[in-house]
Amino acid sequence: MEEVKKLLESSKQQFLDELFELLRIPSVSADPKHKGDVAKAAEYVKKKLSDAGADNVEVFPTKGHPIVYGEKIIDPKLPTIVVYGHYDVQPADPINLWTSPPFEPVIKDGKIYARGSCDDKGQVYMHIKAFDLMMKTKTLPCNVKFMIEGEEEVGSENLGDFVKNNKAKLKGNVILISDTSMIANDTPSIDVGLRGLSYMEVEVTGPNRDLHSGVYGGAVANPINILCKMIADMIDENRHITIPGFYDDVLEVSKEDRAEMAKAPFNLDDYKKDLAINEVLGEKGYSTLERTSIRPTLDVNGIWGGYTGEGSKTVLPSKASAKISMRLVPNQKSAKMSALFQKYFESVAPSYVKVKVTAHHGGEPVLTPTDSIAFKASSMAMEKTFGKKPIPTRSGGSIPIVALFEQELGIKSVLMGFGLDSDNIHSPDEHYGIFNYMKGIETIPYFFKYYTELSK
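Definitions and cut-offs
- Residues numbered from 1 in each chain as written.
- Predicted model: local features only at pLDDT ≥ 70, side-chain atom pairs only at ≥ 80, totals over all residues.
- Heavy atoms only, no water.
- Helix = DSSP H or I, 4+ residues; strand = E, 2+ residues; numbered from the N terminus.
- Rg over C-alpha atoms; globule rule 2.2 N^0.38 Å.
- Buried < 20%, exposed > 50% of the residue type's maximum accessible area, 1.4 Å probe, protein only.
- Contact = heavy atoms within 4.5 Å.
- Lys, Arg positive; Asp, Glu negative; His and termini not counted.
- Charge placed at Lys NZ, Arg CZ, Asp CG, Glu CD.
- Salt bridge = Lys/Arg side-chain N within 4 Å of Asp/Glu carboxyl O.
- Polar contact = N/O pair within 3.5 Å; in protein donor to acceptor, adjacent residues only side chain to side chain.
- Expected span 1.5 Å × (residues − 1).

Participant: What is the right way to read the overall build of the protein from this model?
Facilitator: From N to C terminus, the protein includes 13 helices and 20 strands. Radius of gyration (C-alpha) of the protein: 23 Å, near the 23 Å computed for a compact globule of 456 residues. A principal-axis box enclosing the C-alpha atoms of the protein has dimensions of 80 × 50 × 45 Å. Classification of the 456 residues of the protein by burial places 53% in the buried group. Expressed as a percentage of contacts within the protein between residues at least 6 apart in sequence, the contacts between residues at least 24 apart total 79%. Considering the protein, the positive charge centre built from 55 side chains and the negative charge centre built from 62 side chains are found 2 Å apart.

Written out as C-alpha cells, the structure is:
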C-alpha cells in the first residue's frame, strides 16, 4: 500500500486535471438540451476506465441516458466489489448565484468549485483513480466491476431495467458507493441508512385564462393563493405532516439508538451560522440531526404561477403549480406515500378550483448492517487513513437505486462517502475539498484490501 500512496502523491496534479475535464462537461440529465453532453460524459468515463486497465468497458444505451460498465476479473474465486456511481449532475440554476461559472472548475481555499464536484463526479472519479493506482502497482486484491449511470439525478429511471436484465454481469459480493457525506474532515463517518423519496408535482387551475386582477380580483379564486393555503395546511403547528396515514408505517427509532446518534459531534450555533439563520425549525420532539435523518419530511422544491418577470403585471393567474418532495424513513413505501399524497391533495381541493397531481420518481429507504464484512472493511479503511474510527450515521438524502440492488442482486451496499454537508450539493457554488478527493483515492484501496482479507 505504500507504493499506492507514493504514486498518488506524485499524481495529484494529473488526477485534478482529469477531474476538471469531466467537470467541464455539463451533463445535466434533467435538461434535454444537454443530452449530447451527458453522452459525452459517458464516453469520458468509458475512456478513463479503459485507460486504467478495466476490461469489457462498454457504454450501454437506455431509453434515457447511457450506463457505463467495466470490469477487472483477476480470479473468479476471489470476492467481487461492484462500484456504483453517477456522472450526471443537477441543473446549475440559478446561475447568477454562482461566484464562478458552474462548468469552469476553479480552486478556492483548497476546494474545487463546480457543479458535480462532490455530487457525484468527484466522488465517482476517486474510484477510477484508486483502481488506476492499484493496477499500476499490481496491488488489486480482488475482482471489481463498475456501473456508472447518467440518470441518478432524475430518479435512475432506466437503471432498474439494466440491473434486472444483467444480473449475471453484475454478480458480486458488495456494492461500494461514494455518493454521501461524512461529519467532518477530522471526524470520519459512514452512512448506515438513507431516507427514501417520493417526488410529486401539483397543479391548481382556476379560471380558463389569466384575468385582470382589478376587474376580477375578489370575485374569482386565485390559484396561487389556494395552492399556498393547501400546501401550508399539510404541516401543523408541531411540524407534523397532516396527510392521513402518513406516519402509519414509520419505523420508530429506539431511545438507545437515539442516544447513540446524539454522540455524533454537532454544534447548533455553528450550524445556524453556516446557514445564516437565526433559528432552526422542525418536528417537535426531535433534535436537528434526528429531523434530518430518522424522521420523514415534506418540502416544497419549487412553486410558480402568474407573472414573475421584470416590472409589474396585475394578473390573476389561471394556474399555479408546485413540486413537492417527501423524504421517507424505513418501512414507508414510496408508491404508497405518493398515493396517500394524491388522495389527500384531491380531497382538500375546494370546489372553485381543479387540481392535477403527478407522481414523478421515488425510492425506498435503506438500512445497512454494521456487523457486515463490508462495514467492517470500510471502517478499518477509514480508520487507517484518517487515524480515527468512523462514526456510523444516517443520511437525510436518498439514493433510490440502493434498495433495488438488494432486491434484484441480493447484495448489500456500503456507503463510504467523502463529501461534507457544507459542500453545497444541488446548490450554487457546489464544491469539493481537494483533501477529500485525495483522501478518498487513498482510502478506497484499503477497503479492497480489508474486504478481501475479511472474506477469506
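Participant: Looking at this model, I keep getting lost on the side chain of Asp-191. Mind explaining?
Facilitator: Mapped onto the fold, Asp-191 is located in strand β9 (residues 189-194). Buried and unpaired, Asp-191 has no salt bridge, with Arg-394 as the nearest side chain of opposite charge at 8.8 Å. A polar contact is formed between the side chain of Asp-191 and the side chain of Thr-393, at a distance of 3.0 Å. Among the polar contacts made by the side chain of Asp-191, one reaches the main-chain amide nitrogen of Ser-395 at a distance of 3.5 Å.

Participant: What am I meant to see in the environment of Ile-112 here?
Facilitator: The residue Ile-112 is located in strand β5 (residues 111-113) in this model. Each C-alpha atom of the pair Ile-112 and Leu-16 lies 9.2 Å from the other, and the pair is 96 residues apart in sequence. Setting aside its immediate chain neighbours within four residues, Ile-112 contacts Leu-16, Leu-19, Phe-20, Leu-23, Pro-105, Val-106, Ile-107, Ser-117, Glu-430, His-431, Tyr-432 and Ile-434.

Participant: What should I look at first to understand the environment of Ala-359 in this one?
Facilitator: Along the polypeptide, Ala-359 turns up in strand β15 (residues 354-363). Classification of Ala-359 by relative accessible area gives partly exposed; the value is 43%. Sequence separation between Ala-359 and Ser-318 is 41 residues; the distance between their C-alpha atoms is 22 Å.

Participant: In this structure, what is going on with helix α2 (residues 12-23)? I would like to understand it.
Facilitator: Along an α-helix, a turn takes 3.6 residues, which lines up residues three or four apart on a common side. With 12 residues, α2 extends 16 Å between its outermost C-alpha atoms, agreeing within 8% with the 16 Å of an ideal straight helix rising 1.5 Å per residue. Those residues of α2 that sit buried are Phe-15, Leu-16, Glu-18, Leu-19, Phe-20, Leu-22 and Leu-23. Contacts from the buried residues of α2 go to α1 (2-10), α3 (35-52), β4 (106-108), β5, α4 (121-136) and α13 (434-454).

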